[in-house]
Amino acid sequence: RASCRQVDRVLKQAIEQDRLVKKLLVLGAGESGKSTVFKQMKVIGSKGYTKEELESFRWIVHRNVLDGIRTLLQASQDLGVELLEENEERADRVLLWEGENLNPQLGNEIKQLWNDP
């Protein structure tokens, strides 16, 4: 009988705590930004990301920078937009880069390309 009361008490506490939790069901197609919303809520509602979390995002940022500059370079070629002569080889190096991550040298190449008028 005492253990039954203890179980009831624990259950009641769990129900009370559950009522304090706000729940949100987010539906949407893949790549529609559901995870991004939760990441933003975490940053806004807490102290932000841990050092480990920030480090884990590094490759995503690198990949996005590489994909973005490659898209711009390919589109400029397709549209016949000419780069400065000194940037032609840079563009080739960036387009042919096979690595997943940026390094300081490649980052500098991208910076120079970004500043191309």
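The structure we're discussing is the one just above.
Read on for a plain summary of the structure. (Residues numbered from 1 in each chain as written. Predicted model: local features only at pLDDT ≥ 70, side-chain atom pairs only at ≥ 80, totals over all residues. Heavy atoms only, no water.)

## A few points about the side chain of histidine 62
Thought 1: On the secondary structure map, histidine 62 appears in helix α3 (residues 51-78).
Thought 2: We classify histidine 62 as buried; its relative accessible area is 15%.
Thought 3: Excluding residues that lie within four positions of it along the chain, histidine 62 makes contacts with Glu100, Asn101 and Leu102. (Helix = DSSP H or I, 4+ residues; strand = E, 2+ residues; numbered from the N terminus. Buried < 20%, exposed > 50% of the residue type's maximum accessible area, 1.4 Å probe, protein only. Contact = heavy atoms within 4.5 Å.)

## Brief notes about the packing of α3 against helix α5 (residues 104-114)
Thought 1: Interaxial distance between α3 and α5 falls to 11 Å at its minimum, and their mutual angle equals 40 degrees. Compared by their axis directions, α3 and α5 come out oblique. Every pair of crossing elements has a handedness; the one defined by α3 and α5 is left-handed. Where α3 abuts α5, its residues Val65, Leu66, Ile69, Leu72 and Leu73 lie against Leu106, Ile110, Leu113 and Trp114.
Thought 2: Among the residues forming the contact of α3 with α5, the class breakdown is nine nonpolar, no polar and no charged. (Axes fitted to C-alpha atoms, helices over the stretch in contact; angles between N-to-C directions. Parallel < 35°, antiparallel > 145°, perpendicular 65-115°, else oblique. Left-handed = near helix turned anticlockwise from the far one by under 90°. Nonpolar A, V, L, I, M, F, W, Y, C, P; charged D, E, K, R; others polar.)

## Side note on the environment of valine 61
Thought 1: Within the secondary structure, valine 61 sits in helix α3.
Thought 2: The class for valine 61 is partly exposed, based on a relative accessible area of 48%.
Thought 3: Sequence spacing of valine 61 and asparagine 101 is 40 residues, and the spatial spacing of their C-alpha atoms is 8.9 Å.

## Describing the nonpolar core
Thought 1: Of all hydrophobic cores here, the largest spans nine residues; its members are Leu66, Ile69, Leu73, Leu83, Ala91, Val94, Leu106, Ile110 and Leu113.
Thought 2: Contributions of two or more residues to this core are made by α3, α4 (85-96) and α5.
Thought 3: Those residues in contact with leucine 106 that lie beyond four places of it in its chain are Leu66, Val94 and Trp97. (Core = buried A, V, L, I, M, F, W, Y, C linked by side-chain atoms within 4.5 Å.)

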